[in-house]
Each structure stands twice: as structure tokens, then as C-alpha cells.
Amino acid sequence: MTPDTIEQAMAALAKADPDIARAYPLVGAPEPRQRDQGFATFFSTIVSQQLSTEAARAIMGRVNTLLPELHAQAVIDIDSQALRDAGLSWRKIEYAKGLAEAELAGTFSADGLEQLSDDEAIAAITQLRGFGRWSAEIYLMFSLKRPDIFPADDLALRVALGRLKGMDDKPTPRQARQWVAHWSPWRTVGSLFLWHYYRGEPL
């Protein structure tokens with residue numbers, strides 16, 4: 001998603017929502033975010049769960065030394081203890097091996113997700129062990145560049161949405177989805193704006 005696309009989307013969102021129209025000039029447009037597509041991104045998602053960015057980056061550095069070619073067969077072939085020594089927990093190794101098995105068996109295709117609808121892609125990702133709806137939606141937003149995704153389970157998003165709307169408390173995921181329904185077809189950019197607003201909210 002390019003800066004031009006974000007500007008176009010923000011103009012539409014400001015027209016659709018007076019609270020965005022008020023906040024947008026104060027904090028500006030969010031930066032684009034992008035991640036690679038494919039198996040390696042799913043593997044790194046498993047590694048990064050419940051870890052700081054720095055810790056996840058260190059583990060992935062060790063994994064990339066072990067597996068310069070990070071693909072499903074390589075993950076199946078490597079000894080689990082080697083992954084444990086690189087810093088993965090046994091549960092994450094189980095998830096990573098399961099991801100690789102699904103890819104090789106053809107029950108999951110990281111590269112095939114691009115051909116699926118949003119709902120189909122989310123369903124395909126969440127049938128993998130270790131991947132919830134939030135992880136699936138983040139993949140759709142940043143790897144598949146889908147324009148109309150709102151990961152309502154994200155705590156920071158809901159806190160920011162509550163603040164944007166002048167509420168004393170954050171909405172529930174269900175309420176949040178209802179509150180941003182009129183942001184369609186630009187809910188991905190709306191989400192980017194809320195993260196940006198959460199960090200840069202004016203006093």
C-alpha cells in the first residue's frame with residue numbers, strides 16, 4: 001500500500017467519519033507497512049508470538065543461519081533440538097513443524113492464499129495450529145495488501161478507537177467492528193491510522 005493510496009483512503013475516511021476528519025490534521029497520515037508473502041513469513045510469525053521484537057529478531061537470525069533456505073521441507077528435515085537450541089519453545093517447534101507438514105501435504109498453501117477471498121484466506125490460516133484470527137488478519141493486511149481488514153482483537157486498535165470516539169473505555173471487538181463498518185472499503189488504512197493515532201495522539 002503506497003503513500004498515495006493511503007492519502008486517497010484517508011480522504012475517503014475523513015469524509016465518512018467526522019472523528020477521523022478532526023484527528024487526521026493533528027497526527028497526519030500513517031506510514032505504509034509491508035511484509036513479505038509466503039512460508040517464511042508464517043514461520044517468523046510463530047517465532048515472534050509473545051516475544052519482544054528484539055528477541056524474535058535474534059531467534060530468527062539463528063534460524064536463518066541454520067536454514068539459509070527457509071521452506072517447508074527444510075523445517076521438516078531439521079532436528080527439533082536444533083530449533084530448540086536456536087531459541088524456539090517446544091510448542092513453537094510443534095507449530096512450525098505442523099505448518100511445514102500442512103504445506104507439504106497440500107492442506108495449506110501460503111502462496112495460494114492470494115487467490116482466495118478475505119474470508120477464505122482467514123479460514124485457511126486459522127485452521128493451522130498456532131494461528132488465530134488476529135495473525136491471519138495481520139497477514140492479509142501487510143503481506144497480501146488487502147484494503148478492507150480490521151483486526152478487532154488488537155488491544156491497541158480498540159484503545160485508540162475508544163479515544164478517537166471520546167469514550168471512557170475501549171469497545172469490545174464486536175462493538176469495534178460495528179463502529180468502523182462505515183470505513184469500508186478502507187478499513188486496513190483506518191487500522192493503520194488508529195495505530196498511528198495511538199502513538200501520536202495530541203494532548
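By the naming in an unreviewed UniProt entry, the protein is DNA-3-methyladenine glycosylase II, taken from Vreelandella subterranea. Comment text from UniProt for the protein, heading Catalytic activity (unreviewed entry), reads "Hydrolysis of alkylated DNA, releasing 3-methyladenine, 3-methylguanine, 7-methylguanine and 7-methyladenine."

Turning our attention to the domain arrangement of the protein. When its domains are assigned, the protein resolves into domain 1 (3-32 + 148-200) and domain 2 (39-143). Centre-to-centre separation of domain 1 and domain 2, based on C-alpha positions: 28 Å. Counting residues at the interface gives eleven residues for domain 1, matched by eight residues for domain 2. Buried area between domain 1 and domain 2, summed over both chains or domains, comes out near 740 Å², and the portion from carbon and sulfur atoms is 72%. Linking domain 1 to domain 2 there are zero salt bridges.

Here the focus is the environment of Leu140. With respect to the helices and strands, Leu140 occurs in helix α9 (residues 133-142). On the accessibility criterion, Leu140 (0% relative accessible area) is buried. Separated by 33 residues in the primary sequence, Leu140 and Thr107 place their C-alpha atoms 19 Å from one another.

What counts, and at which threshold
- Residues numbered from 1 in each chain as written.
- Predicted model: local features only at pLDDT ≥ 70, side-chain atom pairs only at ≥ 80, totals over all residues.
- Heavy atoms only, no water.
- UniProt positions renumbered as here; feature names shortened; annotations may be inferred.
- Domains from an automatic or database assignment.
- Contact = heavy atoms within 4.5 Å.
- Buried area = accessible area lost by both parts, 1.4 Å probe.
- Salt bridge = Lys/Arg side-chain N within 4 Å of Asp/Glu carboxyl O.
- Helix = DSSP H or I, 4+ residues; strand = E, 2+ residues; numbered from the N terminus.
- Buried < 20%, exposed > 50% of the residue type's maximum accessible area, 1.4 Å probe, protein only.

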